[in-house]
Amino acid sequence: MAKVTRDDVARLAGTSTAVVSYVINNGPRPVAPATRERVLAAIKELGYRPDRVAQAMASRRTDLIGLIIPDARQPFFGEMAHAVEQAASERGKMVLVGNTDYVAEREVHYLRAFLGMRVSGLILVSHALNDLAAAEIEAWDARVVLLHERPEAIDDVAVVTDDLGGARLAVRHLLEHGCAYVACMGGTAETPSVGDPVSDHVEGWRQAMAEAGLSTEGRLFEAPYNRYDAYRVALDLLSGPDRPPAIFCSTDDQAIGLLRAARELRIDVPGELAVIGFDDIKEAALADPPMTTIASDRSAMARAAVDLVLDDGVRIAGSRRERLKQFPSRLVTRRSCGCA
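These lines cover the structure that appears in this document, whether it is placed above or below. (Residues numbered from 1 in each chain as written. Predicted model: local features only at pLDDT ≥ 70, side-chain atom pairs only at ≥ 80, totals over all residues. Heavy atoms only, no water.)

1. Details of the overall build of the chain
Then comes step 1: A tally of regular secondary structure across the chain gives twelve helices and twelve strands.
Then comes step 2: In the chain, which comprises 340 residues, the proportion classed as buried is 51%.
Then comes step 3: When contacts within the chain are restricted to residue pairs at least 6 apart in sequence, long-range pairs at least 24 apart make up 71% of them.
Then comes step 4: Per element, the accessible surface of the chain, about 16,300 Å² overall, is 50% carbon and sulfur. (Helix = DSSP H or I, 4+ residues; strand = E, 2+ residues; numbered from the N terminus. Buried < 20%, exposed > 50% of the residue type's maximum accessible area, 1.4 Å probe, protein only. Contact = heavy atoms within 4.5 Å. Areas by Shrake-Rupley, 256 points an atom, 1.4 Å probe, with all protein chains shown as cover.)

Here it is, written out as structure tokens:
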């Protein structure tokens, strides 16, 4: 059976091959609704399948979006990647995912690989973008949107959560429960001081404590972001003589590790220890006890990032603040903080 071509579709629809291309590619020129319907009907009748490789060679772009994240094994990043994939599918795109494991060289590797494949755009969740990665992006003149984090090394459009405000909400809520003070499980020594959500969580904690006239000295504890290492940190913290009455964790994964340690040490949560996390991953509702946390609309953030990276006007002019799309944080109350 002969392969159906674009010429065949044009003949059946009674139009030109250029118009067929405009319909298939959604542009660059508009097509009258009636003509579009004829073309789509002809495509369906003939069973025409566009040659995506040829399209990519002609346009020097593919139907792919590159997504670079630190670690898809962490629930937050896995859920964010899924939301990006759904949003991209709605725009007729597919997503390539690369995990950096917080290693700068792997980030550069995926940048070069994805940009070399002529992706339509790149969505970057970068823990600490280095100068080499930033130079790679500039060299390719790539269409990039930063998601969740905003490293200083590059000034592209960013889609983020109000991390500072969310942390203040969490700490104020714990203090309203009557906790004498709130300790904070922050990041590690490698956590960037600017543009990183965990740094903003720690700063929000400091601000809320200062507003309440409370000291933060000796009440900030370093911990990796994942539950397994956070669990080991929590065992030492909760076994000590100065156990805090409440702890704000910079990530839900840390909080899950903390809750596990509290169970093993027979510490009642929330009776003896109140806990709030950040991210509202799905597991938070199933934690023991169900975890109070700070949430943002991940689906809306993913959709905004996809729309921006596919938009010809993605390189928005203006200051760093004007190039920021920030989504609000909200408190999700469950039992770990003391709420019924």
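2. With respect to the pairing of strand β3 (residues 121-124)
Then comes step 1: Side chains of β3 alternate between two faces, with Gly121 and Ile123 and Leu122 and Leu124 buried alike.
Then comes step 2: Examined bridge by bridge, strand β1 (residues 64-69) and β3 share four bridges and lie parallel to one another. If you follow Ile68 over to β3, its bridge partner there is Leu124.
Then comes step 3: In the sheet, β3 pairs with strand β4 (residues 144-147) via three bridges, with the strands oriented parallel. Note on β4: the bridge partner recorded for Leu122 is Val144. (Pairing = 2+ DSSP bridges.)

3. Let's talk about the pattern of salt bridges
Then comes step 1: Counted by the stated rule, this structure contains 15 salt bridges.
Then comes step 2: Across the salt bridge formed by Glu211 and Arg172, the nearest N and O atoms sit 3.1 Å from each other. With a gap of 39 residues between them, Glu211 in helix α9 (residues 197-211) and Arg172 in helix α8 (residues 163-176) connect regions that are remote in the sequence.
Then comes step 3: Judged by relative accessible area, Arg172 falls into the partly exposed class, the value being 34%.
Then comes step 4: For Arg260, the salt bridge is made with Glu264, and the minimal N-O distance between the two is 2.9 Å. A residue pair is termed a helical-turn pair when its members lie 3 or 4 positions apart in one helix, as Arg260 and Glu264 do in helix α11 (residues 252-264) at four residues.
Then comes step 5: When salt bridges that share partners are traced, they join Asp71, Arg73, Asp101 and Arg106 into one network. (Salt bridge = Lys/Arg side-chain N within 4 Å of Asp/Glu carboxyl O.)

4. Describing the packing of helix α1 (residues 6-13) against helix α3 (residues 33-46)
Then comes step 1: Running from N to C, α1 and α3 cross one another at 125°; their axes reach a closest spacing of 9 Å. Considering the angle they form, α1 stands oblique to α3. Seen from above, α1 lies across α3 with right-handed handedness. Between α1 and α3, the contacting residues are Asp8, Val9, Leu12 and Ala13 on the first element and Arg38, Val39, Ala42, Ile43, Glu45 and Leu46 on the second.
Then comes step 2: When grouped by side-chain class, the residues that make up the contact of α1 with α3 number seven nonpolar, no polar and three charged. (Axes fitted to C-alpha atoms, helices over the stretch in contact; angles between N-to-C directions. Parallel < 35°, antiparallel > 145°, perpendicular 65-115°, else oblique. Left-handed = near helix turned anticlockwise from the far one by under 90°. Nonpolar A, V, L, I, M, F, W, Y, C, P; charged D, E, K, R; others polar.)

5. Quick notes on the sheet that holds strand β5 (residues 157-161)
Then comes step 1: Sheet architecture is open: six strands sit in the order β2-β1-β3-β4-β5-β11, paired in parallel fashion. A strand with exactly one partner marks an edge of an open sheet, and here the two such strands are β2 (94-99) and β11 (324-327). Averaged over all adjacent pairs, the angle separating strand axes in this sheet is 20°, with direction ignored.

6. Points about the packing of α1 against helix α2 (residues 17-25)
Then comes step 1: Following both chains from N to C, one finds α1 and α2 inclined at 100°, their axes separated by 8 Å at the closest point. Judged by the angle between their axes, α1 and α2 are roughly perpendicular. Residue-level contacts link Arg6, Asp7, Val9 and Ala10 of α1 to Thr17, Val20, Ser21 and Ile24 of α2.
Then comes step 2: Across the contact of α1 with α2, the residue classes tally to four nonpolar, two polar and two charged.

7. A closer look at the nonpolar core
Then comes step 1: With 51 residues, the main nonpolar core has Ile123, Leu147, Val159, Met185, Leu238 and Ile247 as its most contacted residues.
Then comes step 2: With nine residues, helix α12 (residues 298-310) is the largest single contributor of residues to this core.
Then comes step 3: Split by domain, this core shows at least three residues from each of two domains, domain 2 (64-161 + 298-328) and domain 3 (163-296).
Then comes step 4: In terms of nonpolar packing, the next biggest core, distinct from the first, is built from 21 residues, Tyr181, Ala246, Ile276 and Cys337 among them. (Core = buried A, V, L, I, M, F, W, Y, C linked by side-chain atoms within 4.5 Å. Domains from an automatic or database assignment.)

8. Some thoughts on the environment of Arg330
Then comes step 1: Structurally, Arg330 is set in strand β12 (residues 330-332).
Then comes step 2: Residues contacting Arg330, with those up to four places away along its chain left out, are Leu169, Thr293, Ile294 and Ala295.

None of the figures reported here should be taken as evidence of function without further support.
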